[in-house]
Amino acid sequence: MLETICDIMVDAYKRNWITSRDGNVSIRHHDRNHFYITPSGVRKQTLQPDQFKKIGIHGLLWQEEYYSDISAKLKPSGEIPLHFGLQRAMGQHSNDVRVVVHVHPTYCIAAMHAGIDLNTISDSFPELNRYTKVAPNVGDVPPISQALADQCHKSLQLDDYGNIAYDIVGIKGHGVVAIDTSPWRAYEHIERLEHICKIVLASGNY
Ligand SMILES: [Zn+2]
């Protein structure tokens, strides 16, 4: 699965959804009290599985654990509060893995910049709303902040049991966060929403 995450980051880079050092992904298996997250400051188009950070979950706190010599020299993604909050609470993906993907897709961000709440556009597009539930946008929050994490969790309606009501949430002026049971499934939520945002913006009718 870590190799697959490396593949999706290469794909995201090719689509201009991230610049070299942007974007972050985490993955947790339901029966383990740790998760893996992409490291900070590494070029995502050359990301390798042994560069991931292993993060132990200790109640409300996280702690780095040894995974590889290369990984030990790296820091976890600055967006770890966002990932930790989702990964520590398993809920609806409790019999599977949970993957959290954060990238900066062009048309999703452009649509939010144009004043569109991504939550509302899915009503008109069955190919989006059949497969992907889009949360109300998160407003302006600083990157790599607890506020970004808290607002994303709130907008996704993360509850005390780890359930979320949506598959993807947009952060105004920044990017999106998608969640599912495999890297490609989470990625497809982004792909679907990006495609519809492109269509909506091309139509000029919003
Ligand atoms: Zn970001």
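Quick note: structure is the one above.
Residues numbered from 1 in each chain as written. Predicted model: local features only at pLDDT ≥ 70, side-chain atom pairs only at ≥ 80, totals over all residues. Heavy atoms only, no water.

Glancing now at the environment of P143. With respect to the secondary-structure elements, P143 resides in the loop between helix 6 (126–129) and helix 7 (146–155). Beyond its immediate stretch of four places on either side in the chain, P143 contacts E79, L148 and H174. (Helix = DSSP H or I, 4+ residues; strand = E, 2+ residues; numbered from the N terminus. Contact = heavy atoms within 4.5 Å.)

Turning next to helix 8 (residues 183–203). Counted at 1.5 Å a residue, the expected span for helix 8 with its 21 residues is 30 Å, and the 31 Å between its end C-alpha atoms agrees. Those residues of helix 8 that fall on the buried side of the exposure criterion are P183, A186, Y187, H189, I190, L193, E194, I196, C197, V200 and L201. Note on helix 8: the residue one or two positions beyond its end, G204, has a positive phi of about 70°. (Expected span 1.5 Å × (residues − 1). Buried < 20%, exposed > 50% of the residue type's maximum accessible area, 1.4 Å probe, protein only.)

Attention now goes to the packing of aromatic side chains. Across all of its chains, the model carries 4 aromatic pairs by this definition. Here W184 and Y187 contribute two aromatic rings whose centre-to-centre distance is 5.1 Å and whose plane-to-plane angle is 85°, an arrangement assigned as edge-to-face. Here Y187 and W184 lie together in helix 8, a separation of 3 residues that amounts to about one turn. Owing to a relative accessible area of 1%, Y187 belongs among the buried residues under this scheme. Through a chain of ring-to-ring contacts, the aromatic side chains of W17, W184 and Y187 assemble into a single cluster. (Phe/Tyr/Trp six-rings, centres within 6.5 Å; stacked < 30°, edge-to-face > 60°.)

The next subject is the coordination of the zinc ion. For the zinc ion, the full set of protein donor atoms is H102 (NE2), H104 (NE2) and H174 (NE2), at a range of 2.0 to 2.1 Å. If you list the donors of the zinc ion from N- to C-terminus, the spacing comes out as H-x1-H-x69-H. Placement of H102 in strand 5 (residues 97–103) and of H174 in the loop between strand 6 (168–171) and strand 7 (175–180) is noted, with a sequence separation of 72 residues between them. You'll find H102 and H174 in the same group, each marked buried. (Donors = N, O, S within 2.8 Å, 3.2 Å for Na, K, Ca; no water.)

Another aspect to go through is the sheet that holds strand 5. Read from one edge to the other, the open sheet built from 7 strands follows the order 4-3-2-1-5-7-6, with strand pairing classed as antiparallel. Two strands lie at the open edges of the sheet, namely strand 4 (61–65) and strand 6, each paired on one side alone. This sheet shows a mean twist of 20° between the axes of neighbouring strands, independent of strand direction. As paired strands, strand 6 and strand 7 are joined by 4 bridges and run antiparallel to one another. The residue bridging V169 from the neighbouring strand is V177, located in strand 7. (Pairing = 2+ DSSP bridges. Axes fitted to C-alpha atoms, helices over the stretch in contact; angles between N-to-C directions.)

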